[in-house]
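As a plain string of letters, each chain reads:
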Amino acid sequence: MGKGGEDYGQREKIGLESQDEDYFPAWSKDIKECEEHYQVNHEFGLSAAEVEKRRQKFGYNELEKHEGASIFKLILEQFNDTLVRILLAAAIISFVLAWYDGEEGGEMEITAFVEPLVIFLILIVNAIVGIWQESNAEKALEALKEIQSEHATVIRDGKKISNLPAKELVPGDIVELRVGDKVPADMRVLSLISSTVRVEQGSLTGESEAVSKTVKAVAGDTDIQGKKCMVFGGTTVVNGNCICLVTQTGMNTEIGKVHSQIHEASQNEEDTPLKKKLNEFGELLTLIIGVICALVWLINVKYFLTWEYVDGWPKNFKFSFEKCTYYFEIAVALAVAAIPEGLPAVITTCLALGTRKMAQKNALVRKLPSVETLGCTTVICSDKTGTLTTNQMAASKLVAMGSRIGTLRSFNVEGTTYDPLDGKIEDWPVGRMDSNLQMIAKIAAVCNDAGVERSGHHYIASGMPTEAALKVLVEKMGFPGGLNESSSGHGDVLRCCQLWNKMDQRIATLEFDRYRKSMGVIVKSSTGKKSLLVKGAVENVLERSSYVQLLDGSVVELDQYSRELILQSLHDMSTNALRCLGFAYKGYLPMFETYNGDEDHQAHELLLNPSNYSSIESELIFVGLVGLRDPPRKEVRQAIEDCKAAGIRVMVITGDNKNTAEAICREIGVFGPYDDISTRSVTGKEFMDHPDQRNHLRQDGGLLFSRAEPRHKQEIVRLLKDDGEVVAMTGDGVNDAPALKLADIGIAMGIAGTEVAKEASDMVLADDNFSTIVAAVGEGRSIYDNMKAFIRYMISSNIGEVASIFLTAALGIPEGMIPVQLLWVNLVTDGPPATALGFNPPDTDIMKKPPRKSDDSLITPWILFRYLVIGFYVGLATVGVFIIWYTRHTFMFIDLSGDGHSLVTYSQLANWDQCSTWEGFSASPFTAGSQVFNFDDNPCDYFRMGKIKASTLSLSVLVAIEMFNSLNALSEDGSLLTMPPWVNPWLLLAMFVSFGLHFLILYVPFLAQIFGIVPLSLNEWLLVLAVAFPVILIDEVLKFVGRCTTGMRYSRHSKHKAD
């Protein structure tokens, strides 16, 4: 819409203010006041000219289209990440240096450009994935438009117009609604054409049953559920016809407000806890890289900048640009080594694998980061209807008459769904139903318009849910003497009901109305006898009953004691949130003895006027009552217990009434059976008026918010998030969508959920089951632990690479590994083991620990110390093996002289750049695979081109150490003796794959040339393994120290937190 109030001064004469500017509570005004305010007569409607004036003022009855972010803005947002920006800077600098080297040397080698091109490729893929996710963000708003009505029947200029496009409605229009219509706008009910009108508005208000509408005004401050004289856009008429007055259109309707709230919530989406941690880590990494790069330059400044002291002052500066760029390249290599380039890809892979695991448990994840966020969920805000309960009405208790006056019999009914085989009736006289029970079954089966069908593995109801539940009860009661198989097919769900309907055929219906609150049917038995069967509100049916049927079928007068006994039973059942229906019949109908549905019969006149129904339904014989409810799911109670054990609080937020919700919460364990819940159970309105909302939400244990509207749900979620909680919100209706969008994890129902809720959510439950959420939280915790394992593994590997480059620069020896080799290790060789760590089995006590805080460190000071020690060893090993090859022919009894290379002293190696000044220096040729390296022309090339074998040994040691280090990452503190490598066979496979890839680049000549390496001999491989293996022993010692000091570290950490 968006036009209310536009050019207001010129349109003042209409007499209506803008919808936004003029607040008119139509629900609290009588019909005459509403017509006067909107200047319309309900018989004539608006004139065409008036409609056009109002449309100019209020716009079309449609939801706004919000402009999404431009593609350019989305691209820029993908680079709003510290790690990505560091990678981008490294790639640009590498590209410039490669180009410069090519220009200087006269040729551009492909190896120089591999590094920047690979980094650019990573960034492009990362951006594409990010943009694809962002573009799906606003689909919830599109789904909301789908549930709007497309057409309406309107009275204008005194004529009825059918199929008018609903978007052309304006405030003041008179609309006729019929059964099955989707309500096109928010409207005030003016008159009921049928005796009753019921509207299914649960998706908007959260109510579990269709709501009866009335023309009577209600209080001005009534909540949305209490506005019985209003119908709301997007809801559906399930019973009756009525005439209504349009009061709000477009964005001012209740569904329009939901649309605005979804849009607002989508603007406030925050980063996941993991992304925040990675951003913090990226900022720390930037600082560390900057410091180390500066140190490398300071250490090596003497090689490219020299000066002489004259009279105590430095003069005669000499600058070597070639050597300056060489050490700048080392600094860039160091940056590449420090950045875990493969981390984004491995995290995405791990989360994708997590979504597959969750899908097997009926949790369908729509947004990858949600998998990790689930692991730190601290509060689950759950809808009641359809999530904690089945959203399928079911009989819970059957009360029948006893063998004598003043006695009752009570039967508990099991089952929570529309499946007739789900549960049985306790202490039921199978096959020997007495006359009283038979009469209850007959009335429940015949005085009933509902149906139940099987759809796949589920049973679905058509018609009113309470009536469907009664038919399921009839099936559980069985048929007297058993079923005659020939009379009813095996595939029929309601076989007993069909038999009762064959025995007593309905010839007339006395429709339910809001005055008598009952429904009756006149039936003809197989003998031709007519009788009246009635069901309805217990008090009303009992009031019109004069007799009662006993167990043996005998009929006696209903005395005061029996009446009070039945009412007491009704009170007890209502207190337990059961919806009760009473059953009665009348066996003598003199006016209808010859009536067979013929319209010319004089009795037919009585049926045409609903005001006669009460007199027909008089002097009834009362037979019993049934208590029904939307029952809790069987597995929910255990799931709530699991939440408590896992330190997760459960809050129930429902649109249903307070008593029903409290009874369900006690039954499923949110509240204890004897808990004082006066401060823990409030309505949405009471919470909004609460003087200290934050402290109310901080109470221990479960909380309940009943009669909650969409804005209440949003406010609760917002306050919890502001308080540092990680909130998972469940919902299925349109009214839940804004809160689903705002929550850290929005969880929609897959079966009962609306498309709006699903599109606004991060996760969809395929089975609509609360216990699936708890299982998903456990899976999320396991995934986070595994992600922490591979993040630690990759970071520890990178620390090793940084240490290696730093030591190389500090010692002044030739550069051991070039950037493209480090990039290969980070992306390819490290990738498979890091991904395989995502398959680590979960801890057995994973759901018995409290949730981690979203601000908990990804890497604790102790873990950082451990990996600094490991990293230092990696640097020592890679640089050490480089020095060993140049200075030793044997090491640890391994002969390295087979290739014929020359030995130099460590002093010569550390001052290799002065080689041209050495007298008599020469280097023997050496072999590597089928290649021979000769240095006759320039012996100093032994330290440049000739370092290829030493560089290969360094790279191979790095790869081998990182494979062994992946075994260390299986457990944070657990020894490999207690958690051996084969607990995760995928890791062993990944190690073989990584070694295989390393062999590929070593022994395929084309690849070996790109990466600047040569094949190794068997003895050289023995040296690699001998230098790499100690990393396991070092980490085992560190893990042992960690296990011994765990208690001390955690107590200090807890004390620090408390302070």
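Small disclaimer: the values here were computed from a predicted structure and weren't measured.

Participant: Looking at this structure, how should I read the overall build of the protein?
Facilitator: If you tally the helices and strands in the protein, you get 37 helices and 34 strands. Split into buried and exposed, the 1059 residues of the protein put 55% on the buried side. Partitioning the contacts of the protein with sequence separation of at least 6, the portion at a separation of at least 24 is 71%. Of the roughly 45700 Å² that the protein leaves accessible, carbon and sulfur atoms contribute 56%.

Participant: So what exactly am I meant to see when it comes to the pattern of salt bridges here?
Facilitator: For side chains of opposite charge, pairing can occur when their charged atoms come near one another. Applying the stated criterion across every chain yields a total of 28 salt bridges. For K160, the salt bridge identified is with E176, shortest N-O distance 2.6 Å. Taken together, the positions of K160 in strand β2 (residues 159–165) and E176 in strand β3 (residues 174–177) put the pair 16 residues apart, joining distant regions of the chain. On the basis of relative accessible area, K160 is assigned to the partly exposed category, the value being 48%. Across the pair K949 and D899 runs a salt bridge, and its minimum N-O distance is 3.1 Å. With K949 in helix α33 (residues 948–968) and D899 in the loop between β32 (894–895) and α32 (906–910), this pair connects stretches of sequence that are 50 residues apart. Taken as a pair, K949 and D899 share a single burial class, namely buried. A single network of salt bridges, built from pairs that share partners, joins K160, E176 and R178.

Participant: Looking at this structure, I do not really get the packing of aromatic side chains. What am I missing?
Facilitator: This model, assessed by the stated rule, comprises 23 aromatic pairs. Put simply, the rings of F882, W885, Y886, W918, F921, F926, F933, F935, Y942 and F943 touch in pairs and so form one group of aromatic residues. Across from the ring centre of Y60, 5.1 Å away, lies the NZ or CZ of K167, which sits over that ring. A cation over a ring is seen here: K227 above W27, with NZ or CZ 3.7 Å from the ring centre.

Participant: Where do I start with a nonpolar patch on the surface in this structure?
Facilitator: The grouping of L284, L287, I288, V291, L295 and L298 at the surface amounts to a nonpolar patch, some 560 Å² of accessible area in total. Tracing the chain through its elements places L298 in helix α9 (residues 273–304). Judged by relative accessible area, which is 61%, L298 ranks as exposed.

Participant: Quick question: what am I supposed to make of unusual backbone geometry here?
Facilitator: Note: most peptide bonds trans; most residues except glycine with negative phi. Look at K517: it is not a glycine, yet its phi comes out positive at around 55°. Turning to its location among the elements, K517 is positioned in the loop between β18 (504–510) and β19 (518–525).

Participant: Is there a simple way to think about the nonpolar core in this case?
Facilitator: If you look at soluble globular proteins, the nonpolar side chains tend to sit buried side by side. Counting residues in each nonpolar core, the largest one holds 138 residues, and the members touching the most others are F770, Y886 and Y942. For this core, the leading source of residues is helix α28 (residues 770–811), giving 17 residues. Residues contacting F770, with those up to four places away along its chain left out, are I380, S382, T387, L388, V636, A639, I640, C643 and V650.

Participant: Would you mind going over helix α1 (residues 31–38) with me for this structure?
Facilitator: In an α-helix, one full turn covers 3.6 residues, which means residues spaced three or four apart are oriented alike. Along α1, the positions that sit buried rather than exposed are C34, E35, H37 and Y38. Down the axis of α1, the smallest arc covering the buried residues is 165°, so these residues share one side. Counted as exposed and oriented over 90 degrees from the buried face of α1: K32 and E36.

Participant: Would you mind showing me how to read the side chain of H712 here?
Facilitator: Mapped onto the elements of the fold, H712 is located in helix α25 (residues 710–722). Leaving out residues up to four positions away in the same chain, H712 has contacts with G684, K685, M688 and R707.

Participant: Can you walk me through the sheet that holds strand β6 (residues 211–212) in this structure?
Facilitator: The strands making up a sheet associate through hydrogen bonds between their backbones, and the pairing can be parallel or antiparallel. Taken together, the 3 strands give an open sheet; going across it, the order is β6-β5-β8, and neighbouring strands pair in antiparallel fashion. Only two strands of the sheet have a single partner each, and these edge strands are β6 and β8 (236–239). Relative to β8, strand β5 (residues 198–200) runs antiparallel, the two being bridged by 3 bridges. Looking across to β8, one finds that V199 is bridged to V237.

Participant: Would you take a moment to explain the pairing of strand β25 (residues 649–653) for this structure?
Facilitator: On any regular strand, side chains alternate: one points to one face of the sheet, the next to the other face. Buried residues dominate β25, accounting for 5 of its 5 residues. Judged by which residues are buried, β25 turns out to be covered on both faces: R649, M651 and I653 on one side and V650 and V652 on the other are all buried. As defined by bridge partners, strand β13 (residues 379–382) adjoins β25 across 4 bridges and the pair is classed as parallel. Paired with C381 across the two strands is M651, which belongs to β25. Judged from the 3 bridges that link them, β25 and strand β27 (residues 703–706) form a sheet pairing that is parallel. From the neighbouring strand, I653 faces β27, where its bridge partner is F705.

Participant: Which parts of the structure should I look at to understand the UniProt feature "transmembrane region" (unreviewed entry) in the protein?
Facilitator: When the UniProt feature table is mapped to this numbering, "transmembrane region" (unreviewed entry) covers residues 82–100, 112–132, 284–305, 325–353, 790–813, 864–886, 986–1015 and 1021–1042. Note that residues 284–305 is 95% helix and 5% strand, and that its end C-alpha atoms are spaced 31 Å apart. For the annotated span residues 1021–1042, helix accounts for 95% and strand for 0% of the residues, and the straight-line distance between the end C-alpha atoms is 33 Å.

Conventions adopted
For every chain, the first residue of its written sequence is number 1, and the numbers climb from 1 along that sequence. Local features in this predicted model are restricted to residues of pLDDT 70 or higher, and side-chain atom pairs are both shown and tallied only at a pLDDT of 80 or more, whereas totals for entire chains, interfaces and linings draw on every residue. Based on all heavy atoms of the structure, the side-chain values leave hydrogens and waters out of the count. Secondary structure elements follow DSSP: runs of H or I of four or more residues count as helices, runs of E of two or more count as strands, with numbering from the N terminus. Only protein chains enter the area calculation, which uses a 1.4 Å probe; residues under 20% of their type maximum are buried, those over 50% are exposed, and those in between are partly exposed. In what follows, a contact means two residues having at least one pair of non-hydrogen atoms within 4.5 Å. Each accessible area value is a Shrake-Rupley result obtained with a 1.4 Å probe; residue values ignore everything except the protein chains displayed when judging cover. By convention in these notes, a salt bridge is any Lys or Arg side-chain nitrogen within 4 Å of a carboxyl oxygen on Asp or Glu. Working definition: a ring pair exists when centres of Phe, Tyr or Trp rings (six-membered ring for Trp) sit within 6.5 Å. Plane angles under 30 degrees give stacked, over 60 give edge-to-face, the rest tilted. Lysine and arginine charges are scored as sitting over a ring when NZ or CZ, respectively, is within 6 Å of the ring centre and within 35 degrees of the ring normal. Patch membership requires more than 30% relative accessible area and the absence of a salt bridge. Residues of like charge join within 9 Å; the nonpolar side chains Val, Leu, Ile, Met, Phe, Trp and Tyr join within 5 Å. We define the nonpolar core as a collection of buried residues of types Ala, Val, Leu, Ile, Met, Phe, Trp, Tyr and Cys that are connected through side-chain atoms lying within 4.5 Å of one another. Starting at the helix axis, one direction is taken to each C-beta atom, and the arc is that of these directions. Note: two strands are recorded as paired if DSSP finds a minimum of 2 bridges between them. UniProt positions are given in the numbering used here, feature names are shortened, and annotations may be inferred rather than shown by experiment.

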